[in-house]
Every structure is written in C-alpha cells, then in structure tokens.
Amino acid sequence: MRTPHRIDFLLISVVVLTMGMPALLAQTPAEARSSDVIQIDASAPAHPFPHFWEKMFGSGRAIATLRESYRRDLRDVKQITGFEYVRFHAIFHDEVGIYDEDAQGHPQYNFSYVDQVYDGLLANGVRPFIELSFMPKKLAARDALHAFWYKQNVSPPKDWTKWDDLIAQFTKHVVDRYGIDEVSQWYFEVWNEPNIDFWAGEPKQATYWQLYDHTARSIKQVSPRLRVGGPATAQAAWADAFIRHCAENKVPVDFVSSHVYGNDRAQDVFGTDEKIPRDQMVCRAVKKVHDQIRSSTMPDLPLIWTEYNASYSNEPAITDSIYMGPWLADTIRQCDGLVDAMSYWTFSDVFEEQGVVKQPFYGGFGLIAAGGIPKPSYNAFKLLHRLGGERISVDSSSVLVTRHKDGSLVVAAWNLVPPVQTGVSQTGLTKTIHLRFEHLAGSRRAYISLVDRDHGDVHPAYEKMGQPRYPTQEQLKALQQAAQLPPAEIRELTSGDLTLDLAPDGLAVIEVK
C-alpha cells in the first residue's frame, strides 16, 4: 500500500449487485430506468473459473498479527471466503526484533516474534505470503524512514553479505521450524513497491535488481523448492524489465507480482493522459502485466496481484460503502483469465499506516472496521464466494454466470454507478434486469438475499446511534448485529424467468430451488 495523497433438481444462485437502496424496487418511474434482458443457457459450455479474487488477502504489518483483534478478523474472513494466504509488510522491522548486532558488528538473530506471527497464521488455517521487508536499523546503509506511522526504514543494506546472511538464516529457520513440505507451499516476495517511496536505493530499478538477485539466490540456496518472486511494484510497473533482467542474468524467479488501485492515474500506470474509470483501472493494469508475461521469454510465470482495491486513499464513500459490491463483481468479471491470484488490500482495519485508528468508519481498506464491525464489502465477499467453479459466457458487461460441478448455477448481475467525484456518492438510473433461463424444467422458488442500504449495511444503525467515535461494547454488539445479512426473501419463479429492478449500486443473492 502506498502513501495516501496518491442434478435431480437444479439450484440456481443469482448474485445481483446494486447499492444505495433496496435491489428489488417497487413502482420506479419508467423514465428513471434502464433495462437489460439476459439469456442464460443452463447447459451451455463453460471455462474454468477459479476464485482468484479470494485466495489471498493483504493486511497491515507483521507485528499487528499478534493482536487478538487481528486474529479474530482473520478467522471471520477465513470463514466466509476460505482464503489461503495472507500478506503483510515489515517482517524485518525492528519491532519484530529479528536482527541486531553485537559490539563487534556481528549479526544476532532472534526469531521469537517471527515464530509467534507464523504460528498464529497457521493455527487459523492461513499460510504466509512473505513480503521480505523492510531494513533493520543496524543493517541499513542510512536512515531512510518512510512516512508511515510506524516509520519503517526503506534503505538498502550497508553490507550485502550481512543481508544475504539475514535472508539465509530467516529462510533456514522457517524451514527448520515448519518443514520444507510446508514452507515450499509459501511464497517469498522481495520487498514492496520499490519503484516509489518504499525503496531509497538510487537508481531505484538497478538497486532493486541488486536486492532481488541477492535475496532470490540466498533463498534458493536453502532449498530450490522455495518460491520467490517480485518486483512487487506499484502501478503495474517494471514487470517486463524484471523478467528480462532475471532471464538475462539467470536469476531465480517463480512468479511475477505487482499492484494497482482503482484511483491510480493512467499517466502513472500506462504513461497516457486517459481518464480511466475507477471500475476499469485494476483489470486494465492486470492485463498489461499479463500480456507482458505472455510475450516474454518466460511466458508461463504465474501472475500474483499482491495489492488491489478501489482506492489507495481514505475515501469513506468508496471503501466503507456498498459501492464495493458492484465494483468487486465487475472487477472479477474483467480480470477472469488474466491472473492466478489477487490479494485484496485489506481484510481488516486493524491497520496503522496513518496511525492508530480514531473511529470505525474513515475510509479504511478493510472488510471489517475497528471493533469487529463488518462492512458492506465483507458481505459482498460473502455472497460472491458462492460463485461456481466454471463460467458460462453471456452477452452482457454487467452479468457473470457460473456453474458448480453439480450443475447448479450462480449468476452475478450489477448496476454499477460510479461516484461523480472522489468521495461523493451519486444517484443513477434504476436498471431492470430480465434473467431468462433456458433448459430449466418446471417452476422454482427464488430465495433472495440482499446487500444494500437496508440489508447488510451497518451505516444506518451507526448513524441512528449518533456515529459514536468510540462505540461502547453494547453499541459494538448492536452494530455487529445490524451488519448481518437478514433471512432470504422467498418469491415464486415460473417459466424460467426472473425480473429484478436494481437500484444504483448494491448486492443480492438469489437461490432458485
């Protein structure tokens, strides 16, 4: 994250995404509507649709993983998504205590907190995606403190031999503790966003290559089974040059990683003056790097997108709001087939890049606000988890049709209305969607679950109680309850047709049995 500035019966689950008002509207004036008719062939061919958007999540920094609030949120998100990996900054920060030197300058290692960090993740069924950062003070060439509240040092090392030994000792320790069969399923990513202010080497690219080469080779000396990659850049940068460097210099690389956010500028990502909408930026950037990999001398390298979100800054009307439901669904639709895994930044607002959290809703990146309060994005992930493992093509840019192995269908549809400007909500046309299913026999009941202003959105309850900055325990329980999804509405479905009026932005799951 960068510094803010910048079957005997067929089960059909229909995930319908809108936001701001109930998805099923009554008597909306015709002049305020648009209309789509979507033909869905339940028996059509499909392609594999792995859940790349929920395999991995980001979180703040290593030391925060020791908190019970962090682990509680991790368990909650694990329960609704089944995610497998978590990534965070600063495993080498001095607060973790891994590195020191004696009076003669000899390295001294202490893995006590490292063990507690990784033990805690594994005990909760999540593996580490290790970001190797930042520089311990006594190993740093100089004080190059970043602007984040916890003031990590982004300097290169003063001694490359000592850096090599740190990487080797750290890697050997985790292999000794957890076993090579376990650690070979982890990932080692070298640094974070070295193309911007997270790396003080000059020139940035050449000195990062040096950092990567030393780090990758030290890891592979412990075991060639371990997976290492980079360049972990902001704004989808350097991937082509990184692959070329590794190929020409025979440097080990097992995956490519990069980052982008919905409000990144086209000038920074593509070098153009385009005005790319927030809902298109992420997957356009992913495609850029995907295409660079495919056209390289290592076209089969996996692409792991280790940070993404609709915003890299604190925008409550974006990341705290129900806008995230349709934004996420459309991002999934666009990125399908372009990436192996994507890591949403972040699963929790146990997070301190700008300092200690001062109130529950401030535009934090997490699915769960301070105090364990689920946001609309949490419920969006919960519903989108129901999507099937293969995708059926349909003629629509606002619908996903998926199918499970048992033949049951899950359809996502949305009425995405972007904000007029940063942090400002806007109204838009209600969209009437007619879902017309083919090759379905008999009538069914539709069980409809919603996420909108009245369902699965905690904000009305928070506003009603006066928006307390420090909610009491009683208020927290009430807010957690208000954020829960209510029981499904039941409607009769006949003739294989389902018509929905979708308000500007929101979320619903419709299971047809």
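Residues numbered from 1 in each chain as written. Predicted model: local features only at pLDDT ≥ 70, side-chain atom pairs only at ≥ 80, totals over all residues. Heavy atoms only, no water.

A few points about the pattern of salt bridges
For the structure shown, the criterion picks out 29 salt bridges. The partner of Glu-101 in a salt bridge is Lys-158, with the nearest N and O atoms 3.3 Å apart. With Glu-101 in strand E6 (residues 99-101) and Lys-158 in the loop between strand E8 (127-132) and helix H3 (160-178), this residue pair connects regions lying 57 residues apart in the sequence. Residue classification places Lys-158 among the partly exposed residues on the basis of a relative accessible area of 46%. Here Arg-453 and Asp-457 are joined by a salt bridge, their closest N and O atoms 3.8 Å apart. A network of salt bridges, in which partner residues are shared, links Arg-61, Arg-67, Glu-95 and Glu-352. (Salt bridge = Lys/Arg side-chain N within 4 Å of Asp/Glu carboxyl O. Helix = DSSP H or I, 4+ residues; strand = E, 2+ residues; numbered from the N terminus. Buried < 20%, exposed > 50% of the residue type's maximum accessible area, 1.4 Å probe, protein only.)

A few points about the packing of helix H8 (residues 278-294) against helix H10 (residues 324-335)
Between two packed helices, the angle of one axis relative to the other and the distance separating the axes together describe the packing. It is at 9 Å that the axes of H8 and H10 come closest, and there the two elements cross at 30°. Taken together, H8 and H10 sit at an angle that is classed as roughly parallel. The interaxial crossing formed by H8 with H10 has right-handed handedness. For the pair H8 and H10, contact is made by Arg-278, Asp-279, Gln-280, Val-282, Cys-283 and Val-286 and by Trp-327, Asp-330, Thr-331, Gln-334 and Cys-335, respectively. (Axes fitted to C-alpha atoms, helices over the stretch in contact; angles between N-to-C directions. Parallel < 35°, antiparallel > 145°, perpendicular 65-115°, else oblique. Left-handed = near helix turned anticlockwise from the far one by under 90°. Contact = heavy atoms within 4.5 Å.)

Overview of the sheet that holds strand E9 (residues 187-190)
Ordered by their spatial adjacency, eight strands build a closed barrel running E4-E5-E8-E9-E10-E11-E12-E13, and the pairing between neighbours is parallel. The average angle at which neighbouring strand axes cross in this sheet is 25°, direction not considered. Note: E8 against E9, four bridges, orientation parallel. Paired with Leu-132 across the strands is Val-190, a residue of E9. Where helix H2 (residues 112-123) meets the sheet, it contacts strand E5 (85-89) and E8, and its direction lies at approximately 145° from that of E8. (Pairing = 2+ DSSP bridges.)

Focus: the packing of aromatic side chains
With the rule as written, the count across this model stands at 38 aromatic pairs. For the pair Phe-148 and Tyr-150, a centre-to-centre distance of 5.9 Å together with 50° between the ring planes defines the contact as tilted. Of the two residues, Phe-148 and Tyr-150, neither departs from the other in class, the shared state being buried. Between Tyr-308 and Tyr-344, the aromatic rings sit 5.6 Å apart at their centres with planes inclined by 85°, giving edge-to-face as the arrangement. Of this pair, Tyr-308 sits in strand E12 (residues 303-309) while Tyr-344 sits in strand E13 (residues 341-344); the two residues are 36 residues apart in sequence, bridging distant segments of the chain. (Phe/Tyr/Trp six-rings, centres within 6.5 Å; stacked < 30°, edge-to-face > 60°.)

Thoughts on the packing of H2 against H3
Where H2 contacts H3, the two axes come as close as 12 Å, and the packing angle between them is 45°. Classified by the angle between their axes, H2 and H3 sit oblique to one another. When you trace H2 past H3, the crossing you get is right-handed. Judged by residue contacts, Val-114, Asp-115, Tyr-118, Asp-119 and Leu-122 of H2 engage Phe-170, His-173, Val-174, Arg-177 and Tyr-178 from H3. When grouped by side-chain class, the residues that make up the contact of H2 with H3 number six nonpolar, one polar and three charged. (Nonpolar A, V, L, I, M, F, W, Y, C, P; charged D, E, K, R; others polar.)

Some details on the environment of Glu-492
Mapped onto the elements, Glu-492 comes out in strand E21 (residues 489-493). Separated by 279 residues in sequence, Glu-492 and Asp-213 have C-alpha atoms that sit 62 Å apart. Apart from residues lying up to four places away in sequence, Glu-492 is in contact with Arg-444 and Arg-445.

Considering the environment of Arg-386
With respect to the secondary-structure elements, Arg-386 resides in the loop between helix H11 (376-384) and strand E16 (390-392). The class of Arg-386 is partly exposed, set by a relative accessible area of 27%. Distance from Arg-386 to Pro-224, taken between C-alpha atoms, is 37 Å for residues 162 residues apart in sequence. Dropping the residues within four chain positions of it, Arg-386 is found in contact with His-404, Val-410, Val-509 and Glu-511.

A word on the state of the cysteines
By the definition in use, this model includes one disulfide. Disulfide pairing is shown between Cys-283 and Cys-335; the S-S distance is 2.0 Å. Taking the torsion about the sulfur-sulfur bond, which here is approximately -110°, the covalent link between Cys-283 and Cys-335 counts as left-handed. Taken as a pair, Cys-283 in helix H8 and Cys-335 in helix H10 lie far apart in primary sequence, 52 residues in all. Residue Cys-283 is classed as buried on the basis of its relative accessible area, which comes to 5%. (Disulfide = S-S within 2.5 Å.)

Quick look at the confidence of the model for the chain
The predicted coordinates should not be examined in detail at positions where pLDDT is low. Model confidence for the chain is summarised by a mean pLDDT of 90, while 91% of its residues fall at 70 or above. Note that pLDDT drops below 50 for residues 5-31; the model gives that stretch 121 contacts with residues more than four away or on any other chain. (pLDDT = per-residue confidence, 0-100.)

Considering the nonpolar core
Counting residues in hydrophobic clusters, the biggest one holds 120 residues, and the most contacted among them are Tyr-118, Phe-170 and Trp-305. Per-element tally for this core: the top contributor is H3, with eight residues. Core analysis: the second largest hydrophobic core is formed by 23 residues, Val-401, Leu-409, Val-411 and Phe-437 among them. (Core = buried A, V, L, I, M, F, W, Y, C linked by side-chain atoms within 4.5 Å.)

A closer look at the side chain of His-290
By the element assignment, His-290 lies in helix H8. One polar contact links His-290 to Asp-291, side chain to side chain, over a distance of 3.0 Å. Those residues in contact with His-290, other than ones at most four positions away along the chain, are Leu-303, Gly-337 and Leu-338. (Polar contact = N/O pair within 3.5 Å; in protein donor to acceptor, adjacent residues only side chain to side chain.)

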